[in-house]
Amino acid sequence: IVLCWTAGFFFADLIDCSVRRDTMFFVHAIVGLALLYSCWNSPFYAQRAGSRGFFVELSSPFYHAWKTSKTKTKFRLFCFSFFLCRIVYTPIFLNKMNVTQNS
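The notes below deal with the structure included here. (Residues numbered from 1 in each chain as written. Predicted model: local features only at pLDDT ≥ 70, side-chain atom pairs only at ≥ 80, totals over all residues. Heavy atoms only, no water.)

### Some remarks on the overall build of the chain
Part 1: In terms of regular secondary structure, the chain is built from 5 helices and 0 strands.
Part 2: Viewed in the frame of its principal axes, the chain has a C-alpha envelope of about 45 × 30 × 20 Å.
Part 3: Looking at the chain as a whole, 26% of its 103 residues qualify as buried.
Part 4: For the chain, long-range pairs separated by at least 24 residues make up 59% of all intrachain contacts whose partners lie at least 6 apart in sequence.
Part 5: If you sum the accessible surface of the chain, you get close to 7400 Å²; carbon and sulfur atoms cover 71% of it.
Part 6: In the chain, 11 side chains carry a positive charge and 4 a negative one; their mean positions are 11 Å apart. (Helix = DSSP H or I, 4+ residues; strand = E, 2+ residues; numbered from the N terminus. Buried < 20%, exposed > 50% of the residue type's maximum accessible area, 1.4 Å probe, protein only. Contact = heavy atoms within 4.5 Å. Areas by Shrake-Rupley, 256 points an atom, 1.4 Å probe, with all protein chains shown as cover. Lys, Arg positive; Asp, Glu negative; His and termini not counted. Charge placed at Lys NZ, Arg CZ, Asp CG, Glu CD.)

### Quick word on helix H2 (residues 23–40)
Part 1: For H2, with 18 residues, the first-to-last C-alpha span of 26 Å sits near the 26 Å given by 1.5 Å per residue.
Part 2: Turning to H2, its buried residues are Ala29, Gly32, Leu33, Leu36 and Cys39. Taken end-on, H2 shows its buried residues confined to a sector of 120°, consistent with a single buried face. Among the exposed residues of H2, those pointing more than 90 degrees away from its buried face are Thr23, Met24, Leu35 and Tyr37.
Part 3: On the buried face of H2, the contacting elements are helix H1 (2–20) and helix H3 (49–53). (Expected span 1.5 Å × (residues − 1). Arc of directions from axis to C-beta.)

### Looking at the nonpolar core
Part 1: In terms of nonpolar packing, the biggest core is built from 11 residues, these being Leu3, Ala7, Phe10, Leu14, Ala29, Leu33, Leu36, Cys39, Ala49, Phe93 and Met97.
Part 2: When residues of this core are traced back to their parent elements, those giving at least two are H1, H2 and helix H5 (72–102).
Part 3: In this structure, leucine 3 is in contact with Leu36, Cys39, Trp40, Tyr45, Gly50 and Ser51, ignoring residues within four places of it in sequence. (Core = buried A, V, L, I, M, F, W, Y, C linked by side-chain atoms within 4.5 Å.)

### Overview of the layout of surface pockets
Part 1: A volume near 540 Å³ is recorded for the largest pocket.
Part 2: Contributing to the lining of the largest pocket are 22 residues, with Leu35, Gly53, Phe54, Val56 and Phe93 lying nearest its centre.
Part 3: Contributions of two or more residues to the lining of the largest pocket are made by H1, H2, H3 and H5.
Part 4: Here the lining of the largest pocket gets 7 residues from one element, more than from any other, and that element is H2.
Part 5: Its residues assigned to classes, the lining of the largest pocket shows 13 nonpolar, 7 polar and 2 charged.
Part 6: If you trace the second largest pocket, you find 20 residues lining it, with Phe25, His28, Glu57, Ser60 and His64 closest to the centre.
Part 7: For the lining of the second largest pocket, the secondary-structure elements that each account for two or more residues are H1, H2, helix H4 (60–69) and H5.
Part 8: Here the residues of the lining of the second largest pocket sort into 9 nonpolar, 4 polar and 7 charged. (1 Å grid on protein atoms, 1.4 Å probe; cavity = no way out; pocket = protein on both sides within 12 Å on 5 of 7 lines; lining within 4 Å. Points joined across faces, edges and corners; volume = space filled by probe spheres on them. Nonpolar A, V, L, I, M, F, W, Y, C, P; charged D, E, K, R; others polar.)

Geometry only, nothing functional implied.
Printed below as a string of structure tokens:
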């Protein structure tokens with residue numbers, strides 16, 4: 001379910017970025033779709049790598065909240081969530097995928 005929802009999100013993002021000519025997020029959508037494809041068609045599917053890897057996106061709502069309000073409190077929440085999701089969780093996730101793959 002998570003992979004299907006994510007695919008829909010990235011396809012919508014791809015169309016939106018094409019219309020707005022937003023190169024950075026267009027590339028983000030392409031990379032996201034490529035990662036989804038690799039999760040569906042690889043040994044990582046059995047490990048639920050796509051679902052587990054999607055947790056890094058939990059900081060996104062905080063980013064959008066900060067972009068809308070531009071308050072220091074929302075910026076701090078975004079920084080904290082970004083740090084936890086992308087800096088702390090990502091190496092743990094990648095290590096777990098590597099350990100599971102090698103065992």
